[in-house]
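Examining the three-dimensional arrangement
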Amino acid sequence: MMARHLAQRVGQALLVLAATFTLAFLLLQALPGDAVLIKFLELGLTPDQLAEIRLAYGADAPLWRQYLHTAGGFLTGNFGTSIRAGVPVAQLLAENLPATLLLAALAFAAASLLALLLAGLATLGGQSWLRGLVRSVPSLFVAVPVFWLGIMLIQLFSFQLGWISIISPEPWEELALPVATIAVPISAPLAQVLIRNIDAVLAEPFVAVARAKGASHAWVLRWHVARNALLPTLTMAGVLFGELLGGAVVTEAVFGLNGLGGLTQQAVANQDVAVLQAIVVVSAAAFVLINLAVDLLYPVLDPRLARGRRAA
Amino acid sequence: MTAPLLEVEDLAIRYDDRRVVQDVAFRIAPGEVLALVGESGSGKTTTAMAVLGLLPPNGRIERGAVRLAGTDIAGWPERRLAALRGARMSLVPQDPVTSLNPVRTVGAQVAEVLRIHGERDERRIRARVIELLERVGLEPAALRASQYPHELSGGMRQRVLIAIAVALRPALIVADEPTSALDVTVQRRILDLLDELRRQDGTAVLLVTHDLGVAADRADRIVVLRDGRIQEAGPVRQVLGAPRSAYARQLLRDAPSLSTHRHRPASAGGDIAVRVHGLVQDFPGRDGVPFRAVDGVGFELRQGTTHALVGESGSGKTTTARCVAGFLRPTAGEVTVCGTDVAALRGEALRQFRRQVQLVYQNPYASLDPRQTVARSVEEPLLNFEPVPAAERRHRVEAMAERVGLPRDLLARQPRALSGGQRQRVAIARALILQPRVLVLDEAVSALDVTVQAQILALLEELQQSLGLSYLFVSHDLAVVRQIADTVTVMRAGRVEEAGPVEPVFHAPRSDYARELIDAIPGRTAPQILESVP
Amino acid sequence: MSGAALPLRAGLPRLRPGLWLACAVLALVFAWAVAPSLFTARSPVEGIPGAQLLPPSWAHPLGTDGLGRDQLARVVYGARESLAGAFVAVAVGLLLGTGLGVLAGARGGWVDAAVMRLVDTLLAIPALLLSLSIIILLGFGSIKAAVAVGIVAVAQFARLSRAEVLRVRASDYVEAAFGSGGRFAAVLWRHVLPNSLTSVLALAALQFGSAILALSTLGFLGYGAPPPTPEWGLLIAEGRDFLARAWWLTASPGLVVVLVVLSAERIGRGIGGPSP
């Protein structure tokens, strides 16, 4: 029973992954004239040289062969060669990924803390005017352009207050503002969902029953609200990952940091499709894997799903 | 009277700027059962929750006293009240399905009340939880304790909640509609259990209910509320036997479980309007094993009469009715309506067949398009068949509205601006505008308050008389069926348990199940009470 | 069962000043876009020699930029670029997405399965990367960026409208409409579409705000309108070079974006769709 569900779910994930690869291939490799041409025409190469290069990049082969060739490459970890840098894309990814992952991980941690803080104040805080005020904060956070927030933070903390040096920053100084920049917009949807969940759980009859048992407010939160309100936020993990990555790309551009963001920007600017295709497929793969993990983990954490399936 | 355990005095409660309860006063002696009876919006639940200090955040006690064993706790801070709750007074809530935390085991939730009130010894807690679960009849208790709420039936979950309520032997239990979400046989067993436990422990009960029959069976005294005010109060015998207020008299008259009169004598009827034979309905089940919801059901409905399909949840009564109305294609068997074989109908023929049979749903709020006005809803069926000029349509809609007792000024409104009874009148008007011959009424009065229910039943009766309609009446409520049906089929788990004219089935049921079902109708003690009144 | 269970707040008509304020903000910005010359007499592209990087004053309420152009004029004229782009984006997302979603929800079967796998695929690629990929395909430019942002939104519109259609289709009143002899097309037209499109409309308002954000991001990164077009994202990018000397050049277009997006979000919530 469990095995069949697992197989089904993994199959679905693979299907989406294959479709994503195909879409990326169609968008980037198949449809636009071809990038090689654009790039090397600018360099003033002769048609003979061009033909040679095209042959080397496999751009002359029929579409289906290019597709199979690229797909085969992705499956074996060969993401092609960057036209601009002339090095394997896999190498570029390996060089740039760690910095971005660190940034994203720190930002995610900060966003989670901020969201918990906001949700706590909005649902449990003392005064009702304070709760109302805090409830409007996530909408504001969502409305702020990431890049602008980054610039404003630099303006405030580096130029006005002088707290964070921009000339020769310490490692923590280099990361503090980018992390805050990404974390603020990411925290907003998390906080909104948390607030909604906590409100919903507090209105559940089982909370009234707990209070009728004599439970204090803190007891109700610890034993009844926490798990029921936090559990559904797991399903947001995939979407949040996508936003984290997008936020990191923009933020790295604002702060001039090296990473996936810088790589992406260069790839777009230079029409370096192999690089962009690899970034798209790898991040989609991460999205699919995260969602798969959440789907498989959820029944372990929620007894309703776990036992329900066993009973059926 | 001994010193009262609970004494409510001059109570007034507000939600935001609206006063919902006022001038409410009553006393409960130790070990006594007091029923708070009323329709929706009467303030009965609010009053009960105020006793426990569990009003919603926008509610507050404006005036009055709630004295528990002589101490006024109405103004107590949350912390002091929390110490009383669970220990001195406890709650049995309305809906057992949502009243248990879905992600914690049953045992943990019973243990919780012990822990909150200071028990720390894990072994003692464990032993006490098992003992409590056994006491409420949940066996094997060790297994039940390790299960999650969704693994138990509604009745079993209510037993868990009762175990929690009696765990610390409180002096007062507030039971808020404790069985209104349960099937009638389960309801009876749960109320019996509650009765037994409170007798053993000498606990007083404040029983909140909309069902006068339940109050009659279980309470010592009754307080009738309406719009937040007391209409009538006194011992059960007095309230049922010699009600002083007009409202209490009306409630008594309208409560199906207490009234023994029929709307009209049973009629033999004319030709066969609906004939169902050997009906089987499968639904795709999990893992490819089909689930058989209806299994070999058959009955006949004669023109101008009412046939009732009665059963508890999962009996297949609604599925059967939906086959008759042409919404489900039977897996096997035949359904003939006015001479047409419904199972064979497809496409346009099925569409034309709709003029013969109309379905009225349990919840008119869900069956009326929220964006359409009443006039538009009633008119719509006319647009689906041969064209009727607009003026003629308007005329027929107005005539139909009048026919079902809808004031004309409601025609321009949307369903959300109507009361429950008005909405059901709209649904009936909409069903009748095509002049069908058969009306399938799927729990059509179950969601209504008793006084409104009585009005709708009277309307249905009158329409049947004047239009010669045939009704297939689906209901879980045997008391209503006894009042209005001519013939009845009692169903259980997709099969027919008993069938025949109403009188013999109700007075001398042959099957055990039908007898159990009929015995479980609340209010069965009422006739004795009424006879004993001089 | 009785009064306690009813959410009383829902019944009271609430004064909603926030909603009116949001409408006013959007109305003003629309007016900027339609008739910018009514709001500023200065040119958004012609600089005044010798008047570079002036701080805010009566003559230049938002100061001047590095080429001596009036910043207020650039922000006001920028509304046209940003709003037109957002309209295109929402139109693309709404038409394609809702079309696909309604089709999937109404037809079901393999059509539904195919559409939903497409939606899954679109959602699997992070929004920014997907729009960048489409921009590589289409090339740089403000309309092209808008189309890219719109295609990213297709998945959300499709998912919501499909869910709404399924919800409404499963409702008693749709069954009752068939039960009273309604034909498929009539029921779809009278009941399913009107009842499912309210929340789609709300999503459109929310997406309008998101589109303005996404477009300003693309503009900031340099993939949208080319200079000297006044586009809000581009203004922020240009102002960034003078951050230490003239912070108001970045602050002002950014604040306008924040206000517009907040207003769109508020109106979307007012329409009563899904919370974001």
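Given the structure is predicted, the values throughout are model-derived calculations rather than measurements.

Conventions adopted
- Residues numbered from 1 in each chain as written.
- Chains lettered and ligands numbered in written order.
- Predicted model: local features only at pLDDT ≥ 70, side-chain atom pairs only at ≥ 80, totals over all residues.
- Heavy atoms only, no water.
- Helix = DSSP H or I, 4+ residues; strand = E, 2+ residues; numbered from the N terminus.
- Rg over C-alpha atoms; globule rule 2.2 N^0.38 Å.
- Contact = heavy atoms within 4.5 Å.
- Areas by Shrake-Rupley, 256 points an atom, 1.4 Å probe, with all protein chains shown as cover.
- Lys, Arg positive; Asp, Glu negative; His and termini not counted.
- Charge placed at Lys NZ, Arg CZ, Asp CG, Glu CD.
- Pairing = 2+ DSSP bridges.
- Axes fitted to C-alpha atoms, helices over the stretch in contact; angles between N-to-C directions.
- UniProt positions renumbered as here; feature names shortened; annotations may be inferred.
- Salt bridge = Lys/Arg side-chain N within 4 Å of Asp/Glu carboxyl O.
- Buried < 20%, exposed > 50% of the residue type's maximum accessible area, 1.4 Å probe, protein only.
- Buried area = accessible area lost by both parts, 1.4 Å probe.
- Patch = residues over 30% accessible without salt bridge, like charges linked within 9 Å, V, L, I, M, F, W, Y side chains within 5 Å.
- Core = buried A, V, L, I, M, F, W, Y, C linked by side-chain atoms within 4.5 Å.
- Polar contact = N/O pair within 3.5 Å; in protein donor to acceptor, adjacent residues only side chain to side chain.
- Nonpolar A, V, L, I, M, F, W, Y, C, P; charged D, E, K, R; others polar.
- Phe/Tyr/Trp six-rings, centres within 6.5 Å; stacked < 30°, edge-to-face > 60°.
- Lys NZ or Arg CZ within 6 Å of the ring centre and 35° of its normal.
- Parallel < 35°, antiparallel > 145°, perpendicular 65-115°, else oblique.
- Left-handed = near helix turned anticlockwise from the far one by under 90°.

Looking only at helices and strands, chain B features 21 helices and 20 strands. In terms of overall size, chain B behaves like a compact globule, its C-alpha atoms giving a radius of gyration of 25 Å where 534 residues would be expected to give roughly 24 Å. Projected onto its principal axes, the C-alpha positions of chain B cover 75 × 50 × 50 Å. Pairs at least 24 residues apart make up 71% of the contacts formed inside chain B by residues separated by at least 6 positions. Of the roughly 21,200 Å² that chain B leaves accessible, carbon and sulfur atoms contribute 49%. One finds the centroid of the 68 positive side-chain charges in chain B at a distance of 2 Å from the centroid of its 64 negative side-chain charges.

What follows covers the sheet that holds strand S6 (residues 89-92) of chain B. Residues and elements named next belong to chain B. Spatially, 6 strands are ordered S6-S7-S8-S3-S9-S10 in an open sheet, and the strand pairing comes out mixed. Each end of this open sheet is capped by a strand with a single partner; those strands are S6 and strand S10 (229-235). Direction aside, neighbouring strands of the sheet carry axes that sit 15° apart on average. In this sheet, S10 lies alongside strand S9 (residues 221-226) in antiparallel orientation, the contact comprising 6 bridges. Bridge pairing links Ile222 to Gly234 in S10. Against the sheet, helix H6 (residues 154-166) touches S6 and strand S7 (172-176), its axis set at about 175° to S6.

Turning to the UniProt feature "transmembrane region" (unreviewed entry) in chain A, a few remarks are in order. Residue and element names in this part refer to chain A. UniProt feature "transmembrane region" (unreviewed entry): in the numbering of this structure it lies at residues 101-125, 137-163, 229-255 and 275-301. As a span, residues 137-163 carries 81% helix and 0% strand, and end to end its C-alpha atoms are 25 Å apart. For residues 275-301, the helix share is 100%, the strand share is 0%, and the end-to-end C-alpha distance is 38 Å.

Time to look at the pattern of salt bridges. Close approach of charged atoms lets side chains of opposite charge pair. Residues and elements named next belong to chain B. A full pass over the atoms with the stated rule returns 51 salt bridges over all chains. Across the pair Arg124 and Glu119 runs a salt bridge whose closest N-O atoms are separated by 3.1 Å. We classify Glu119 as partly exposed; its relative accessible area is 22%. When the shortest N-O distance is used, the salt bridge between Glu334 and Arg275 registers 3.6 Å. With Glu334 in strand S14 (residues 332-337) and Arg275 in strand S11 (residues 272-283), this pair connects stretches of sequence that are 59 residues apart. By relative accessible area, Glu334 is classed as partly exposed at 35%. Beyond isolated ion pairs, a larger network of salt bridges with shared partners links Arg188, Asp192, Asp195, Arg198, Arg199 and Arg218.

With 9 of 9 residues buried, helix H1 (residues 44-52) of chain B is to be regarded as a mostly interior element. Within H1(B), burial applies to B:Lys44, B:Thr45, B:Thr46, B:Thr47, B:Ala48, B:Met49, B:Ala50, B:Val51 and B:Leu52.

A few words now on the interface of chain B and chain A. Each partner contributes residues to the interface: chain B has 31 residues there, and chain A has 23 residues. In total, about 2,400 Å² of surface goes out of reach between chain B and chain A, with carbon and sulfur atoms giving 58% of it. A:Lys213 serves as the salt-bridge partner of B:Glu112, at 2.7 Å between the closest nitrogen and oxygen. Of all elements in the fold, only helix H2 (78-84), S6, helix H3 (106-116) and H6 of chain B reach the threshold of two or more residues within the side of chain B that touches chain A.

With that out of the way, let us pick up the sheet that holds strand S13 (residues 306-310) of chain B. Residue and element names in this part refer to chain B. Read from one edge of the open sheet, 6 strands run S16-S17-S18-S13-S19-S20, paired in mixed fashion. This sheet does not close on itself; its edge strands, each paired only once, are strand S16 (357-360) and strand S20 (495-501). Strand-to-strand, the axes of this sheet are offset by a mean angle of 15°, without reference to chain direction. When S16 meets strand S17 (residues 438-442), the two strands line up parallel, connected through 4 bridges.

Another aspect to go through is a nonpolar patch on the surface. Residues and elements named next belong to chain A. On the surface, Leu6, Val10 and Leu14 cluster together to form a nonpolar patch covering roughly 240 Å² of accessible area. Following the sequence through the fold, Leu14 ends up in helix H1 (residues 2-30). On the basis of relative accessibility, which here comes to 52%, the residue Leu14 falls in the exposed class.

Take the nonpolar core next. Counting 147 residues, the largest nonpolar core has A:Leu93, A:Val254, C:Leu130, C:Ile212, C:Leu218, C:Phe220 and C:Trp232 as its most contacted members. With 14 residues, the single largest contributor to this core is helix H8 (residues 171-202) of chain A. By size, the runner-up hydrophobic cluster in this structure holds 55 residues, among which are B:Leu133, B:Ile162, B:Leu182 and B:Ala215.

Residue-level contacts link 46 residues of chain A with 41 residues of chain C. Both sides together, the interface formed by chain A and chain C hides about 3,700 Å², and carbon and sulfur atoms give 78% of it. Linking chain A to chain C there are 0 salt bridges. Viewed at the interface, chain C and chain A are joined by 5 residue pairs in polar contact (both at pLDDT 80 or more). Elements with a contribution of two residues or more to the side of chain A that touches chain C: H1, helix H6 (128-143), helix H7 (146-160), H8, helix H11 (237-255), helix H12 (260-269) and helix H13 (273-301) of chain A. Of the residues belonging to the side of chain A that touches chain C, the class tally is 34 nonpolar, 11 polar and 1 charged.

Quick look at the packing of aromatic side chains now. Overall, the coordinates contain 10 aromatic pairs over all chains when judged by the stated rule. Aromatic pair A:Phe25 and A:Tyr67: ring centres 5.0 Å apart, planes at 80°, arrangement edge-to-face. One end of the pair, A:Phe25, is in helix H1; the other, A:Tyr67, is in helix H4 (residues 63-75), and 42 residues separate them in sequence. Residue A:Phe25 is classed as buried on the basis of its relative accessible area of 2%. Here the aromatic residues A:Phe21, A:Phe25, A:Tyr67 and A:Phe74 are joined through ring pairs into a cluster of three or more. The ring of A:Trp223 carries A:Arg222 above its face, with NZ or CZ at 4.1 Å from the centroid. Cation over ring: B:Arg355 sits above B:Phe385, and NZ or CZ is 4.4 Å from the ring centre.

Moving on, we come to the packing of H8(A) against helix H10 (residues 217-230) of chain A. If you want to describe how two helices pack, look at the angle between their axes and the distance between the axes. Residue and element names in this part refer to chain A. Orientation of H8 relative to H10, taken along the N-to-C sense of each, is 135°, at an axis distance of 9 Å. By the criterion of interaxial angle, the relationship of H8 to H10 is oblique. For the pair H8 and H10, the crossing hand works out as right-handed. Contact residues: Leu194, Asn197, Ile198, Val201 and Leu202 in H8; His224, Val225, Asn228, Ala229 and Leu230 in H10.

Structurally, C:Pro126 is set in the loop between helix H4 (109-124) and helix H5 (127-138). Sequence separation between C:Pro126 and C:Val152 is 26 residues, and the spatial gap between their C-alpha atoms is 9.2 Å. Setting aside its immediate chain neighbours within four residues, C:Pro126 contacts A:Gly242, A:Leu245 and A:Ser283.

With that settled, consider the side chain of B:Asn384. You can see B:Asn384 is positioned in the loop between helix H14 (374-383) and helix H15 (390-403). Only 3.0 Å separates the side chain of B:Asn384 from the side chain of C:Arg190, close enough to count as a polar contact. Excluding residues that lie within four positions of it along the chain, B:Asn384 makes contacts with B:Arg351, C:Ala177, C:Ser180, C:Gly181, C:Gly182, C:Arg183 and C:Arg190.

In this section: the environment of A:Leu276. With respect to the helices and strands, the residue A:Leu276 is situated in helix H13. Sequence separation between A:Leu276 and A:Thr264 is 12 residues; the distance between their C-alpha atoms is 6.3 Å.

Take unusual backbone geometry next. All names here are of chain B. Pro140 follows Glu139 through a cis peptide bond whose omega is -10°. Here Pro140 lies in the loop between helix H4 (122-135) and helix H5 (141-146). In this structure, Ala69 is a non-glycine residue whose phi angle is positive, near 50°. Topologically, Ala69 is positioned in the loop between strand S4 (59-68) and strand S5 (71-72). Among the residues examined, Ala69 registers a relative accessible area of 45% and is labelled partly exposed.

This part covers the side chain of B:Ser470. All names here are of chain B. As for its position among the elements, Ser470 is in strand S18 (residues 470-475). The class for Ser470 is buried, based on a relative accessible area of 0%. Polar side-chain contacts of Ser470 include one of 3.3 Å to the side chain of Gln303. Within polar-contact distance, the side chain of Ser470 engages the backbone nitrogen of Gly304 at 3.1 Å. Residues in contact with Ser470, not counting those within four places in the same chain, are Ala273, Leu301, Arg302, Gln303, Gly304, Thr305, Arg437, Val438, Leu439 and Gln464.

Glancing now at the pairing of S20(B). Of the strand pairs in this sheet, strand S19 (residues 487-492) of chain B and S20(B) are connected by 6 bridges, and their pairing is antiparallel. Within S20(B), the position partnered with B:Met491 by the bridge is B:Val496.

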